[in-house]
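Notes for the structure review
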Amino acid sequence: MNLYRAPPFLSPPMAAAYASLLSVARSLREILKLEKYIDPLHREKNVSLKEKVDFIVAFLEDFSDKYHERLGREGNGIIKAAYEAQDFMDSYHCSVSTIDDDGISEESDLNLDRDLTMASERIGFIWEETMKMNNGDTEKDRRSVSYSFPVDRSSTVQATARKVVVGFDDDLLAIKERLYEDSAKLQIIPVVGMGGIGKTTLARKAYDDSILSQYFDKCAWITVSQEYQRREVLSRLLKSLENEQSNENEAELAKLVYQSLFGRRYLIVIDDIWSTKAWDDFKMAFPDDGSGSRILLTTRLLDVASHARSSDAPVHQMNGLNNDQSWKLLQESVFEQQSCPLELVEVGKKIAENCKGLPLTIVVVAGLILSSGNVMREEVWENVSENISSKEPTIALQCSKILCFSYDWLPLPLKPCFLYIAAFPEDSEIDVSKLIKLWVAEGFLKPNHQSKCLEDVGERYLEDLVSRNLLLVSKKGPDGKLETVGIHDMLREICITKAEEEGLLYHVSSKTNSGTEFVENPYRRLRIHCTKDFHEWKILDSSVRSVLLFFEFEKYKRPRIDLRSRHVGVLDASQVTWPKLPHVISTFVNLRYLRIRKVLQSTI
């Protein structure tokens, strides 16, 4: 990939259309394997269709940045055609897959012919548009700019996992002094600052201090987030303290946590707390028994910090890095221990200054430069500098601009995969195996000359996103492979916004206290967050392909779901206990991923 061909800040929203075309290509590959049930004329049409789809996919991968203006003008038509082609091919695939040895009726044969003809028309429209844009571009040109994986995947992930910390020396010293000060009273130490400024990094540096485990009897780290369930957080805290899981209710869990901590000098880090109510929900679980215990709390909100702090203790306010510290962090993130070439110093300092002192934006920009494959190329740095030049009135808007730019500069194959992260709850540790299985089921991955195994392709995509500092390494296995990953809140917000803008994924939340929730809009993928008591979800549109359900599992043990689309390919209800498996699931011929927590009785 040639990073120096910089795309515009607002690239055309092609991720969802690209994902639909990948799904069409997958359906065609699978259909062509069903030789026994395919009419010879249909087979010929399918082969021709597959050739066109493969060309379109390759063209978008290679030239979507070059033709961004044209795609921007024609984008809506291409996206609509891609969606309709996917609908017709899914219908065709569903019908072909259910043909038995008795053959097919005349009516069904007519339906198959109609679906294939309509899909061919839609693909033909996109093919004609891409052929117009392709004039003058040779096959050789396409291969020269095609996205490929990083050459040394392990080194890029290892480098990214190595946290570069710059400019926190004074903050860290101040926090340590308060942690270890000679006071028997429980001290609440709030750290406040805007998103991306390094609150969690600072807390982690203090928490990982080698002296800490000798000074405190018990230590634990919990993340609360905007969307939290009190019982779940208390359960995680108890497991961290006692290494045991409990199925008790909230009151009993709070009591068990209190008993575990009573009489011990403890340190609890409460990361990413968003409301005074959240602090009030948990504070009674922490005994103030004169043992010299400490609670380190991070938040973006000053009123939360002021509400939680000990009456005689100040709030620790974090400030951004100065220009020298910003440049040092950028240098170390890109070059590690090597020095920056003199010809890049001036433009590098300009880039660092435009990051407005926020470590998150600096390391994301560093990942962007590293992904070019040639960090010594001055043109790469100049294009980055030009695209992130400071024109926004606030630091928050400038940070958002830089993060959006980092998304826009992603190779097209990575965009649907990155946006799909928005499906997972805030601050969750995302299981890598599950994530890759979902990518495969959604059709986001395709075999290539470097790897025929889709799971291996998924691992490479994931490692590329990590190397760009867009995803965080949460846990690695003994073999060094990624086991869980995370994402910063601000990047997740970009994911959610972009996913909805591009039509890839929509978030739906409970609106009524009970009864039935209706989802009628033509969404392809739904992430349903159930926050209130209810008994049934009715998803009425036939466009739905994926449904991911997230419930407060203690309350919602008997949901009912009415899905009208027979083309559902992904159903994740892993937080739900089903009294019986809904019969409608047996009609999902294209189902590729089904995850449920527990089924008491099957009706299939």
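My aim in this report is to walk through the structure given alongside it, one point at a time. These figures come from a predicted structure and were not determined experimentally. (Residues numbered from 1 in each chain as written. Predicted model: local features only at pLDDT ≥ 70, side-chain atom pairs only at ≥ 80, totals over all residues. Heavy atoms only, no water.)

1. Section: the overall build of the chain
Helix and strand counts for the chain stand at 22 helices and 16 strands. Here the chain holds 604 residues, and 53% of them are scored as buried. Contacts in the chain between residues at least 24 apart in sequence constitute 66% of all its contacts with a sequence separation of at least 6. Accessible surface, the chain: about 26700 Å² in total, of which carbon and sulfur atoms supply 47%. (Helix = DSSP H or I, 4+ residues; strand = E, 2+ residues; numbered from the N terminus. Buried < 20%, exposed > 50% of the residue type's maximum accessible area, 1.4 Å probe, protein only. Contact = heavy atoms within 4.5 Å. Areas by Shrake-Rupley, 256 points an atom, 1.4 Å probe, with all protein chains shown as cover.)

2. Brief notes about the pattern of salt bridges
In the structure shown here, the tally under the stated rule is 27 salt bridges. The shortest N-O distance in the salt bridge between D113 and K45 comes to 3.9 Å. Residue D113 is located in helix 4 (residues 106–134), and its partner K45 is located in helix 2 (residues 40–63); the two are separated by 68 residues in the primary sequence. The exposure class of D113 is partly exposed, given its relative accessible area of 30%. Note that E379 is salt-bridged to R377, the shortest N-O span being 3.4 Å. (Salt bridge = Lys/Arg side-chain N within 4 Å of Asp/Glu carboxyl O.)

3. Regarding the pairing of strand 8 (residues 482–486)
Regular strands show a simple pattern: their side chains alternate between the two faces of the sheet. Extensive coverage of strand 8 is indicated by the burial of 4 of its 5 residues. In terms of strand pairing, strand 6 (residues 430–431) meets strand 8 through 2 bridges, oriented antiparallel. If you follow D431 over to strand 8, its bridge partner there is T484. Of the pairings in the sheet, the one linking strand 7 (residues 472–476) to strand 8 comprises 4 bridges and is antiparallel in character. Within the sheet, the bridge partner assigned to L472 lies in strand 8 and is G486. Taken together, strand 7 and the strand that follows it, strand 8, pair antiparallel across an intervening segment of 5 residues, in which G480 is found at a positive phi of about 85 degrees. (Pairing = 2+ DSSP bridges.)

4. Some remarks on helix 18 (residues 395–408)
Note: α-helices contain 3.6 residues per turn, so residues at a spacing of three or four share the same orientation. The end-to-end C-alpha separation of helix 18 is 20 Å, in line with the 20 Å expected for 14 residues at 1.5 Å each. Counting buried positions over the 14 residues of helix 18 gives 10, a clear majority of the element. (Expected span 1.5 Å × (residues − 1).)

5. Remarks on the packing of helix 10 (residues 230–242) against helix 11 (residues 250–261)
Any two packed helices are characterised by the angle at which their axes cross and by the distance between the axes. Contact geometry for helix 10 and helix 11: axes closest at 9 Å, N-to-C directions at 30 degrees. For the element pair helix 10 / helix 11, the angle class is roughly parallel. Taken as a pair, helix 10 and helix 11 cross one another with a handedness that is left-handed. Judged by residue contacts, R230, R231, L234, S235, L237, L238, L241 and E242 of helix 10 engage E250, L253, A254, L256, V257, S260 and L261 from helix 11. (Axes fitted to C-alpha atoms, helices over the stretch in contact; angles between N-to-C directions. Parallel < 35°, antiparallel > 145°, perpendicular 65-115°, else oblique. Left-handed = near helix turned anticlockwise from the far one by under 90°.)

6. Focus on the state of the cysteines
Using the criterion set out here, one finds 0 disulfides in the structure. Not part of a disulfide, C355 finds its nearest cysteine sulfur in C399, a span of 8.5 Å. With a relative accessible area of 2%, C355 lands in the buried category. (Disulfide = S-S within 2.5 Å.)

7. A look at the sheet that holds strand 2 (residues 218–223)
An order of 2-3-4-1-5 is seen for the 5 strands of this open sheet, with the pairing classed as parallel. The two strands at the open ends of the sheet, each matched to only one other strand, are strand 2 and strand 5 (316–317). In the sheet, strand 1 (residues 187–192) pairs with strand 5 via 2 bridges, with the strands oriented parallel. What sits directly across from V191, in strand 5, is H316. Its contacts with the sheet place helix 10 against strand 2 and strand 3 (266–271), and it is angled at close to 150 degrees to strand 2.

8. Considering the nonpolar core
Ranked by size, the top nonpolar core spans 130 residues in total, and within it W381, F418 and W439 carry the most contacts. The biggest single contributor to this core is helix 1 (residues 15–31), with 11 residues. If we ignore the near neighbours within four places in the chain, the residues touching W381 are W327, L330, V334, F335, L344, V347, G348, I351, I369 and V375. Core analysis: the second largest hydrophobic core is formed by 28 residues, Y228, L234, L253 and I270 among them. (Core = buried A, V, L, I, M, F, W, Y, C linked by side-chain atoms within 4.5 Å.)

9. Brief notes about unusual backbone geometry
Most of the time, phi is negative for any residue but glycine, and the peptide bond is trans. Although it is not a glycine, E336 adopts a positive phi angle of roughly 55 degrees. Along the polypeptide, E336 turns up in the loop between helix 14 (323–335) and helix 15 (342–354). Exposure remark for E336: the relative accessible area of 36% places this residue in the partly exposed category. At D427, a position not held by glycine, the phi torsion is positive, near 60 degrees. With respect to the helices and strands, the residue D427 is situated in the loop between helix 19 (414–419) and strand 6.

10. A closer look at the packing of aromatic side chains
Per the stated rule, a full pass over the model turns up 12 aromatic pairs. On the basis of an interplanar angle of 50 degrees and a centroid distance of 5.7 Å, the ring pair of Y228 and F282 is categorised as tilted. On the criterion of sequence distance, the pair formed by Y228 in the loop between strand 2 and helix 10 and F282 in helix 12 (residues 276–282) is long-range, its members being 54 residues apart. Of the two residues examined, Y228 and F282, each falls in the buried class. Residues W279 and F286 carry aromatic rings whose centres are separated by 6.4 Å and whose planes lie at 20 degrees to one another, so their mutual orientation is stacked. You'll find W279 and F286 in the same group, each marked buried. Within the aromatic cluster, the residues linked to one another by ring pairs are Y180, Y215 and F216. Over the aromatic face of W127 sits the side chain of K52, whose NZ or CZ is 4.9 Å from the ring centroid. Against the face of Y407 rests K415, its NZ or CZ located 5.1 Å from the ring centre. (Phe/Tyr/Trp six-rings, centres within 6.5 Å; stacked < 30°, edge-to-face > 60°. Lys NZ or Arg CZ within 6 Å of the ring centre and 35° of its normal.)

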